[in-house]
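Understanding the architecture of this molecule
Each chain, letter by letter, is given below.
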Amino acid sequence: MNGRLANMIRRYVDGAGRGRRRAVLLLCAAMLLGCANSDVQFRTNRQGKRNNASNLPAQKQEKLVDGLVAAFGTPNEPFVWSGTALDGAKLRRAAGPVKDGSGLYREHCAHCHGVTGDGLGPTARFLNPYPRDFRHGTFKFTSTGQGMKPTRDDLRRTLQEGIAGTAMPSFKVALSEEEIADLVEYVIYLSMRGEVERDLYAAVDDDDEIGADRANEAAELIEPIKEAVEQVASQWNDAQEQVFNPPPRQRPDTPKDLALSIERGRALFLGAKGLDCTKCHGVTALGDGGNIDYTSTNPETDEVMKTTPDKAAELFALALRPAAPRNLRLNVFRGGRRPIDLYRRIAVGIKGTPMPGRQIVQEGDTPEAAEKKLTTEEIWNLVDYVLSLPYEPASRPQKLPTDHRAVN
Amino acid sequence: MSSFSSSPTSHWPRRLAVLLVCATFPLIWVGGLVTTTDAGMAVSDWPTTRGYNMFLLPIGEWLGSGWKLFIEHSHRLFGALVGMITLLLAAAIWRWDGRRWMRYLALVAVAAVIFQGVLGGLRVIEDERLLAMVHGCFGPLFFTLAAAIAAAASPWWRSAPGALRLADGRALTILAWLTAAIAYAQLVLGAQIRHVPLSAALGWFDVVVFFHVLNAGVLLAHVVWLWRRCRRTKLALVSAPSAWLVAILAGQIALGGATWVVHFGWPQFLQDRGLGAGYVVQAQSAVQAAVTTAHVALGSLILALSVLVALRVSRLAWVASNEPASQKATEDSRTTARRVAAAPAAPVRAMELAT
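Residues numbered from 1 in each chain as written. Chains lettered and ligands numbered in written order. Predicted model: local features only at pLDDT ≥ 70, side-chain atom pairs only at ≥ 80, totals over all residues. Heavy atoms only, no water.

Side note on the interface of chain A and chain B
- The interface is formed by 33 residues belonging to chain A together with 29 residues belonging to chain B.
- Summed over both partners, the interface of chain A with chain B comes to about 2500 Å²; 61% of that surface belongs to carbon and sulfur atoms.
- Three residues stand out in chain A for area buried against chain B, namely Pro122, Arg125 and Phe126 of chain A, and they jointly supply 24% of the buried area on that side.
- Counting the contacts that link chain A with chain B gives two salt bridges.
- The closest approach of N and O atoms between Glu107 of chain A and Lys68 of chain B, which form a salt bridge, is 3.0 Å.
- Inspection of the region where chain A meets chain B yields eight residue pairs in polar contact (both at pLDDT 80 or more). (Contact = heavy atoms within 4.5 Å. Buried area = accessible area lost by both parts, 1.4 Å probe. Salt bridge = Lys/Arg side-chain N within 4 Å of Asp/Glu carboxyl O. Polar contact = N/O pair within 3.5 Å; in protein donor to acceptor, adjacent residues only side chain to side chain.)

Here it is, written out as structure tokens:
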């Protein structure tokens, strides 16, 4: 029954846009669908687009939920507009109750990331770092440029390898490659849904005349939903082609060259060219630079802590923690330990954390402009230095190993 | 065979009870593994398996349809085996054990095993978290009941030698039963962690974990105290299991910590000191499944052992307080022998008396 409803809605949505009658029909169906699956539901984002913790009035809340159901379905019956380029079959295998052919997400992820993907699963409060809140669309360990969404391959890699030193498990043993692909699709779905929700929140909140006709009200949202969905979907789709690859590098091939590169990296790390690595990671790179910063994948956290810290408890479900700069001497790199992984971390930064990206010298930069930027070679020097750190005694940072790769 | 047919009393109730205990413990492991590996819903029908009568599922399908079906169906078969042993035990007790309460206990065991089986089946049909949790909490109770029957069916039970050394058994009895109750509470709390509902409010999990850890400390204190009190009786039959209890509980607490680590990684404060910073949690790996299931199964063992100690202590206290006061003065082999003779048809083996 619900499957048929969902299909009907999808057909209407894809054909909708103009006909108001169609939209009304669609929303009636969507509301039926929403009520039928009242057991497991997406939680609404109470934080909203603005730093405004108060709930929307009931009618507005209802309107928002109706609109979202129309655009994304429910946890048991997910669907998406064809413009999102998401694969519905994959989504249906990942969503729904745990049984043969569905429920992957609820079985493997929801107790940490929450049914809604809001990072508020039952276990969340105990974990450090907290599980990712997918709704902000920001992911840390990506191969794409600054401010970009991750590629499917980045997410796949996270699920496959896990994230060392955090609760995020590796699913290599538990899941097949197809199942991981299903879940990656679902993570993107939840993330899109979360971002659209935040956009709609503003639209609904601004609406001063909410009528009594629920279907009519929700129908007003069709256009804003379409816009929001298209925008976020295009960000995801663009990212798939925007892998951030440095120009090929001439690797230091003698121990002496490598030592030289490490030495240059060390100088940069310690502040040459105005780099600020030590501000956070400390001179010893033990992560004790003392910088206190609440930046997280939720774009509001740091600002709230800087302006109205006493409102934080009201605004965020989990107590905010300062982002801990990493101890770089543990030989643990959460985003992967290949030189290319570290290159991307240093050049692009780690999104949703204080760890900043860098400007890289482009062809045609004026000498003054280039002076303030890093060359790719300099970033490789930093990579060599970071990779050598675990083998450099913290007390005597002068003495460097000659060939750390041999130990790796 | 001779004892089976000729003697009015028989070793059979005891043998079957011990067999039941030995079969139920691995059943609890398998059951724990079903939950640990999320295999519970691999077969969505019951009492049939994939439409087959559960005993007639082709072997190829049982072994060859993946881990989840294998483990779930094995759990069903194993459960059926335990059910049959329980029936045999009940029959043996009705045939050979004259004690009325023992016969009722046997009936309770039969009812319990049926109840547990149906609960497991409903859990599959309804796919209900609450049922899964009750099923998980009831298993250890059945295991404990089996252990209790085995204890009461032993020749030692009838004679309770050395009872008189237990000058005042009341305090010890209360302590022992309290320990068992705390052990069970611990198990129920554990089940709440394991079956935490996805819809749980933030904070529910925290509260349960907090009490699980707190109660672990309380249980440890109790168990150590119990052991020290039991040691004073100088009766190996109570002091030995209570010592085991301490050792197993210590292992269990370590396993509890390990269970946390294999699910959520090492705590941050240890990582800051370099411990476990590179550890990657492996979802549903063999290690994760083994550690978690061992933690679950040892919980049952601790409960059963603490009830065993409590039963023996109670028995000793009961015998001691029902002896004429004059006999309390001296406890020698003669009084023991007399009591043995007075007990209805109790074959006391020398070996057991010697302890």
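Quick word on the pattern of salt bridges
Residue and element names in this part refer to chain A.
- A complete count under the given rule lists 28 salt bridges over all chains for this structure.
- A salt bridge links Glu195 to Lys149; the nearest nitrogen and oxygen atoms lie 3.0 Å apart. Of this pair, Glu195 sits in helix α8 (residues 177-206) while Lys149 sits in the loop between α6 (110-113) and α7 (152-161), placing them 46 residues apart in sequence. Accessibility assignment for this pair places Glu195 and Lys149 in one class, buried. (Helix = DSSP H or I, 4+ residues; strand = E, 2+ residues; numbered from the N terminus. Buried < 20%, exposed > 50% of the residue type's maximum accessible area, 1.4 Å probe, protein only.)

Looking at the nonpolar core
Residues and elements named next belong to chain B.
- The biggest cluster of nonpolar side chains holds 73 residues, and the ones touching the most others in it are Ile149 and Leu226.
- No other element matches helix α12 (residues 286-322), which puts 17 residues into this core.
- Looking at which domains feed residues into this core, each of domain 1 (10-159) and domain 2 (164-268 + 284-320) gives three or more.
- Each residue touching Ile149, except ones within four places of it in the same chain, is listed here: Ala17, Leu89, Ile93, Met102, Leu105, Ala106 and Ala109. (Core = buried A, V, L, I, M, F, W, Y, C linked by side-chain atoms within 4.5 Å. Domains from an automatic or database assignment.)

Describing the confidence of the model for chain B
Residue and element names in this part refer to chain B.
- Per-chain confidence: chain B averages 85 in pLDDT, with 87% of residues scoring 70 or above.
- Below pLDDT 50 for its whole length, residues 1-8 participates in nine contacts with residues either more than four positions away or in separate chains.
- Low pLDDT, under 50, characterises residues 325-355; the stretch is placed with 41 contacts to residues that sit more than four places away or in other chains.
- For this predicted complex, the interface score ipTM comes out at 0.83, while the overall pTM is 0.87. (pLDDT = per-residue confidence, 0-100.)

Observations concerning the environment of Lys279 of chain A
Residue and element names in this part refer to chain A.
- Position of Lys279 among the secondary structure elements: in helix α12 (residues 277-281).
- Taking the C-alpha atoms as reference points, Lys279 and Ile292, 13 residues apart in sequence, are found 10.0 Å from one another.
- Not counting chain neighbours up to four residues away, the residues in contact with Lys279 comprise Gly289, Gly290 and Asn291.

Description of the side chain of His75 of chain B
- Inspection of the secondary structure puts His75 of chain B in helix α4 (residues 67-96).
- Look at His75 of chain B and you get buried, because its relative accessible area is 16%.

A closer look at unusual backbone geometry
- The amide bond that connects Asn128 of chain A to the next residue, Pro129 of chain A, takes the cis arrangement and shows omega of 0°.
- Mapped onto the elements, Pro129 of chain A comes out in the loop between α6 and α7.
- Phi at Gln284 of chain B is positive, roughly 55°, even though this residue is not glycine.
- By the element assignment, Gln284 of chain B lies in the loop between α11 (268-271) and α12.

Topic: the side chain of Thr233 of chain B
Residue and element names in this part refer to chain B.
- By secondary structure assignment, the location of Thr233 is in helix α9 (residues 204-233).
- Overall, the relative accessible area of 5% leaves Thr233 in the buried class.
- A polar side-chain atom of Thr233 sits 2.5 Å from the main-chain carbonyl oxygen of Cys230.

As for the packing of helix α2 (residues 12-36) of chain B against α4 of chain B
All names here are of chain B.
- In the contact formed by α2 and α4, the axes pass within 9 Å of each other and the chain directions differ by 160°. One finds that α2 runs roughly antiparallel with respect to α4. Judged by the twist between their axes, the crossing of α2 over α4 is left-handed.
- Along the lines of polarity and charge, the residues of the contact of α2 with α4 split into 22 nonpolar, five polar and one charged. (Axes fitted to C-alpha atoms, helices over the stretch in contact; angles between N-to-C directions. Parallel < 35°, antiparallel > 145°, perpendicular 65-115°, else oblique. Left-handed = near helix turned anticlockwise from the far one by under 90°. Nonpolar A, V, L, I, M, F, W, Y, C, P; charged D, E, K, R; others polar.)

Section: α8 of chain A
- Taking 1.5 Å as the rise per residue, α8 of chain A with 30 residues should run 44 Å; its terminal C-alpha atoms sit 44 Å apart, in good agreement.
- In terms of burial, α8 of chain A is a largely internal element, 23 of the 30 residues being buried. (Expected span 1.5 Å × (residues − 1).)

Quick word on the state of the cysteines
- As enumerated under the stated definition, the model contains zero disulfides over all chains in all.
- Left without a disulfide partner, Cys109 of chain A is nearest to the cysteine sulfur of Cys112 of chain A, which lies 8.7 Å away. (Disulfide = S-S within 2.5 Å.)

Some remarks on helix α17 (residues 376-388) of chain A
All names here are of chain A.
- With 13 residues, α17 should reach 18 Å at 1.5 Å per residue; the first-to-last C-alpha distance of 18 Å fits that figure.
- Counting buried residues along α17, 11 of its 13 residues qualify, which places the element largely inside the surrounding structure.
- Residues Glu378, Ile379, Trp380, Asn381, Leu382, Val383, Asp384, Tyr385, Val386, Leu387 and Ser388 constitute the buried set of α17.

Description of the environment of Phe244 of chain A
- Inspection of the secondary structure puts Phe244 of chain A in the loop between α10 (222-239) and α11 (255-269).
- Spatially, the C-alpha atom of Phe244 of chain A lies 19 Å from that of Thr353 of chain A, the residues being 109 residues apart in sequence.

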